[in-house]
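Examination of the molecular architecture
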Amino acid sequence: MRVLFIDIDTLRPDHMGCYGYHRNTTPNMDAVAAQGVCFDQYYCSDAPCLPSRAALISGMFGIRNGAVGHGGTAADRRLTGPARDFQDQVDQWNFHNIFRRAGMYTASVSTFPERHSSWWFNAGLNECYNVGGCGGESGEKILPVALDWLERNGERDNWFLHVHFWDPHTPYRAPWDFPNPFENEPLDGWITEDVLAHHLKHTGPHCINEIGMYTDQIPPQFPRMRGKASNMAEMKEVMDGYDHGILYADYLVGQIFDKLREQGIYDDTAIIITSDHGENMGELGLYAEHGTADYPTCHIPFIIKWPGGRENIREDGFHYSVDLLPTVAELLNVAPGKDWDGQSYAASILQGANTGRDSLVLSQMAHVCQRSARFGDWLYMRTYHDGYHLFDKEMLYNVKEDPHEQYDVKDQHPEICMQGAKIILDWHDEQMLKSSSPIDPMMTVLHEDGPYHTHTDLNAYIARLEATGRAEGAARLREKYAHKLK
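Described in the following lines is the structure provided in the data block. No experiment lies behind these values; they were computed from the predicted model shown. (Residues numbered from 1 in each chain as written. Predicted model: local features only at pLDDT ≥ 70, side-chain atom pairs only at ≥ 80, totals over all residues. Heavy atoms only, no water.)

1. Here's the deal with the side chain of threonine 25
Considering the arrangement of structural elements, one finds threonine 25 in the loop between strand E1 (2-8) and helix H1 (27-34). What makes threonine 25 buried here is its relative accessible area of 0%. From its side chain, threonine 25 meets the backbone oxygen of histidine 15 in a polar contact 2.6 Å long. Leave out the neighbours within four places in its chain, and threonine 25 touches His15, Met16, Gly17, Phe182, Asp243, Ile246, Leu247 and Asp250. (Helix = DSSP H or I, 4+ residues; strand = E, 2+ residues; numbered from the N terminus. Buried < 20%, exposed > 50% of the residue type's maximum accessible area, 1.4 Å probe, protein only. Polar contact = N/O pair within 3.5 Å; in protein donor to acceptor, adjacent residues only side chain to side chain. Contact = heavy atoms within 4.5 Å.)

What follows is the structure, encoded as structure tokens:
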């Protein structure tokens, strides 16, 4: 058995051809989707990068593993405590060790562990390759390492290889000699002149005026990346940059697939394609960032081509990325971990069955503190810290009719809000009763002065808002966060 795990950072499914995108961004990954199962409603339980992978690798939601932020106490996985054995049980039963328990040799090409000081990611891996870019590298640094590993190991049996590309992540960094075919292609049209005018008044980091978080300045080594966009043409450059990064990642992935074909092992190799999180590209006023617990940030692609599995089918049930652990364990006939939060969808892969959940709870603690319920056509969002975006405490979107979250309909549907709030409350109670700690890590984040990406000079940002025609937002921030401005 051979398993190739393709990990494309910051990849929105609705920017892929196999999920209906009108631009030809992912021809190589689309071909794999036609040979396997494509999941339409797949989500990371915890966003963004560090929390998402902490949940995936541990098999536990962030509320239980403790790693929910990008800084402070909650950026580290919670210690197991007195019950810790000679080796930590969480590491012994993590995602990579499923393959080890199945008798497979495991390897990873990724800079994620060093970027986030998240060394638990390497547990269960026989080999770890770090090109040293801390996530700032372009994919041409990663590809040769992956191809060399396959050259040396591909034809042996029983291996698992994880390959991680950052190219759709900001700042956009595709090489200048890689052509951009989207410069003269239109966008999908949901951002109109009126929508952009509204976005230009937005308050909060990573808006269209401050794509660089609290500034419009971009390091000169990333000339493809805009720091702000003031008109439709400049906004299109931002969108084109994201799609170009996806296309470049797909181009690199295609060369890995070609290597498997060259070695005569493509057909018999299981291929998994997914991401850690998606991306706000205008939704809720954010651009080029994964800063909320909403549909575009938490909705991720999941494609699997499994020997003996179904071909060219779609599954539309709700799934978490933590569900991958029990699924792979079942497919490989490995005993599941007793502390995992996921549920297997192996029957979807092998038989085409719908194995989805009734609802999901999505969390974000790095840019904002939010928990959201995804159920039916709805996304109900509950905000505990707005990340300086001035979000309402409650928001409700019908993401089937309004996938770009333009119309908050909470006032029209209080009964749906009650249903969403109950889903979050019941989930919270269930998880806290299972947790080894009496403390919800979101409370840790809130008591450590809020999400890591709000730790900035708020006075300076308010002054920038006032200087760029957003005095109303500046006044609201002064009122809401007066305690931080003393």
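2. Side note on the state of the cysteines
Taken as a whole and judged by the stated rule, the model has zero disulfides. Free of any disulfide, cysteine 49 has its nearest neighbouring cysteine sulfur in cysteine 44, separated by 10 Å. In this structure cysteine 128 is not part of a disulfide, and its nearest cysteine sulfur, from cysteine 134, lies 15 Å away. (Disulfide = S-S within 2.5 Å.)

3. Points about helix H9 (residues 232-262)
A rise of 1.5 Å per residue sets the reference length of H9, with its 31 residues, at 45 Å; its end C-alpha atoms lie 44 Å apart and thus fit the reference within 8%. The opening residue of H9, the one whose side-chain oxygen lies 3.2 Å from the backbone nitrogen of alanine 233, is asparagine 231. With its phi angle positive at about 75°, glycine 264 sits one or two positions after the end of H9. (Expected span 1.5 Å × (residues − 1).)

4. Here's the deal with the nonpolar core
Generally speaking, a soluble globular protein has its nonpolar side chains buried in company with each other. The biggest cluster of nonpolar side chains holds 74 residues, and the ones touching the most others in it are Phe95, Ile98 and Leu324. Not counting residues within four places of it along the chain, the set of residues in contact with isoleucine 98 comprises Leu325, Val328, Ala329, Leu332, Val334 and Trp340. (Core = buried A, V, L, I, M, F, W, Y, C linked by side-chain atoms within 4.5 Å.)

5. Quick look at the pattern of salt bridges
Summed over the entire model, instances satisfying the criterion amount to 34 salt bridges. For aspartate 240, the salt bridge is made with lysine 236, and the minimal N-O distance between the two is 2.7 Å. In this pair, aspartate 240 and lysine 236 both sit in helix H9, four residues apart, roughly one turn of the helix. Note on aspartate 240: relative accessible area 7%, which makes it buried. Residue class for lysine 236 comes out buried when judged on its relative accessible area of 17%. Residues joined in a network through salt bridges with shared partners are Arg23, Glu185, Lys236, Asp240 and Asp243. (Salt bridge = Lys/Arg side-chain N within 4 Å of Asp/Glu carboxyl O.)

6. Overview of the pairing of strand E13 (residues 369-375)
Across the seven residues of E13, seven count as buried, placing the element largely inside the fold. Residues Cys369, Arg371, Ala373 and Phe375 of E13 are buried on one face, and the alternating residues Gln370, Ser372 and Arg374, pointing to the opposite face, are buried as well. Hairpin connection, strand E12 (residues 359-364) to E13: the antiparallel pair is bridged by four residues. Note: E13 against strand E14 (residues 378-385), seven bridges, orientation antiparallel. (Pairing = 2+ DSSP bridges.)

7. Focus on the packing of aromatic side chains
Using the criterion set out here, one finds 25 aromatic pairs in the structure. On the numbers, 4.4 Å between centres and 15° between planes, the contact of tyrosine 42 with phenylalanine 302 is stacked. One end of the pair, tyrosine 42, is in strand E2 (residues 37-43); the other, phenylalanine 302, is in strand E10 (residues 299-305), and 260 residues separate them in sequence. In this structure tyrosine 42 comes out as buried when scored by relative accessible area, which is 1%. Taken together, Phe5, Phe95, Phe99 and Phe160 form an aromatic cluster joined through their ring pairs. One cation-aromatic arrangement involves arginine 224 over tryptophan 176; the distance from NZ or CZ to the ring centre is 4.5 Å. A cation sits over an aromatic face here: arginine 314 above tyrosine 19, 5.3 Å from the ring centre. (Phe/Tyr/Trp six-rings, centres within 6.5 Å; stacked < 30°, edge-to-face > 60°. Lys NZ or Arg CZ within 6 Å of the ring centre and 35° of its normal.)

8. Overview of helix H13 (residues 414-434)
The end-to-end C-alpha distance of H13 is 30 Å, a good match for the 30 Å that 21 residues give at a rise of 1.5 Å each. Among the structural elements, helix H3 (62-65), strand E11 (313-320), E12, E13, E14 and strand E15 (394-398) are those in contact with the buried residues of H13.

9. Some details on the packing of helix H15 (residues 458-467) against helix H16 (residues 471-480)
For any two helices packed against each other, one specifies the inter-axial angle together with the distance between the axes. One way to put it is that H15 packs onto H16 with a least axis distance of 7 Å and a crossing angle of 155°. Compared by their axis directions, H15 and H16 come out roughly antiparallel. Considering the relative orientation of H15 and H16, their crossing is left-handed. For the pair H15 and H16, contact is made by Leu458, Asn459, Tyr461, Ile462, Leu465 and Glu466 and by Ala471, Gly473, Ala474, Leu477 and Arg478, respectively. (Axes fitted to C-alpha atoms, helices over the stretch in contact; angles between N-to-C directions. Parallel < 35°, antiparallel > 145°, perpendicular 65-115°, else oblique. Left-handed = near helix turned anticlockwise from the far one by under 90°.)

10. Brief notes about the side chain of aspartate 341
In this fold, aspartate 341 is placed in the loop between helix H11 (324-331) and helix H12 (346-351). On the basis of relative accessible area, aspartate 341 is assigned to the buried category, the value being 8%. For aspartate 341, the side chain forms a polar contact with the main-chain nitrogen of phenylalanine 61, separated by 2.8 Å. Reaching out from aspartate 341, the side chain makes a polar contact with the side chain of arginine 64 at a distance of 2.7 Å. The residues touching aspartate 341, leaving out its near neighbours within four places in the chain, are Gly59, Met60, Phe61, Arg64, Val322, Arg357, Gln431 and Lys434.

So, to be careful, I would describe these as geometric facts and stop short of saying anything about function.
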